[in-house]
Amino acid sequence: MSPAPSAEARAVQGLIGLLRRAKPAAFKDVRFGPVREVKEPGFSAIRLELVVAGRALSVDLMPPGSAEPCFLRTRRFRVVPRRTGRALSVPQQRRLALLARLIDRGLEKAHIPAS
């Protein structure tokens, strides 16, 4: 049996669920897939599966102190695209940056402590 997700992971799942239902214009070309918490020895992340501008992406939201090279840093996370194969396009970069900032603000408003 896998451990229960952290409060932070549950909050991210909730925010993504709201975005799926609300379909805001800023994310019109984004399809949100599953959100799950990944915990392995020496590795911890909240993994988002999504399609941005027709391209499937897997993105890890990692703790700010992690050593992984990242696409973007926010107050709470290092945003690390997984298995990209090629560079992200400018629209894809913008959507990921907007999503990361929105998640940061949502967790802050919900008073969820950073991991």
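Analysis parameters
Residues numbered from 1 in each chain as written. Predicted model: local features only at pLDDT ≥ 70, side-chain atom pairs only at ≥ 80, totals over all residues. Heavy atoms only, no water. Helix = DSSP H or I, 4+ residues; strand = E, 2+ residues; numbered from the N terminus. Expected span 1.5 Å × (residues − 1). Contact = heavy atoms within 4.5 Å. Buried < 20%, exposed > 50% of the residue type's maximum accessible area, 1.4 Å probe, protein only. Core = buried A, V, L, I, M, F, W, Y, C linked by side-chain atoms within 4.5 Å. Pairing = 2+ DSSP bridges. Axes fitted to C-alpha atoms, helices over the stretch in contact; angles between N-to-C directions.

1. Observations concerning helix α2 (residues 90–109)
In an α-helix, one turn spans 3.6 residues, which is why side chains three or four residues apart end up on the same side.
Part 1 of the argument: Between its first and last C-alpha atoms α2 spans 28 Å; for 20 residues at 1.5 Å apiece the expected length is 28 Å, and the two agree.
Part 2 of the argument: Contacts from the buried residues of α2 go to α1 (7–22), β1 (30–40), β2 (43–52), β3 (55–62), β4 (72–73) and β5 (78–82).
Part 3 of the argument: Backbone geometry just after α2 places His-111 at a positive phi near 60°.

2. Regarding the side chain of Glu-8
Part 1 of the argument: Note on placement: Glu-8 falls in helix α1.
Part 2 of the argument: Residue class for Glu-8 comes out buried when judged on its relative accessible area of 6%.
Part 3 of the argument: With residues up to four places along the chain from it excluded, the contact list for Glu-8 reads Ile-46, Arg-76, Phe-77, Leu-107, Ile-112, Pro-113, Ala-114 and Ser-115.

3. Remarks on the nonpolar core
Part 1 of the argument: Residues Val-12, Ile-16, Leu-48, Leu-99 and Ile-103 are the most contacted members of the largest nonpolar core, which totals 25 residues.
Part 2 of the argument: Every element with two or more residues in this core is listed here: α1, β1, β2, β3 and α2.
Part 3 of the argument: When sequence neighbours within four positions are dropped, the list of residues in contact with Ile-16 reads Phe-32, Gly-33, Val-35, Leu-48, Leu-99 and Ile-103.
Part 4 of the argument: In this structure, Val-38, Phe-43, Ala-45 and Met-62 belong to the second largest nonpolar core, which totals five residues.

4. Considering the sheet that holds β2
Part 1 of the argument: One open sheet holds the five strands; their spatial order is β1-β2-β3-β5-β4, and the pairing between them is antiparallel. Both outer strands of the open sheet, β1 and β4, are each paired with one neighbouring strand and no more.
Part 2 of the argument: As judged from the nine bridges shared by β1 and β2, these two strands associate in the antiparallel manner. For Val-35, the partnering residue across the bridge sits in β2 and is Leu-48.
Part 3 of the argument: Those strands touched by α1 are β1, β2 and β3, and its axis lies near 175° from that of β1.
Part 4 of the argument: With respect to the sheet, α2 is in contact with β1, β2, β3, β4 and β5, its orientation differing from that of β2 by roughly 130°.

5. Focus: the environment of Lys-28
Part 1 of the argument: With respect to the helices, strands and loops of the structure, Lys-28 is situated in the loop between α1 and β1.
Part 2 of the argument: With 20 residues separating them along the chain, Lys-28 and Leu-48 place their C-alpha atoms 17 Å apart.

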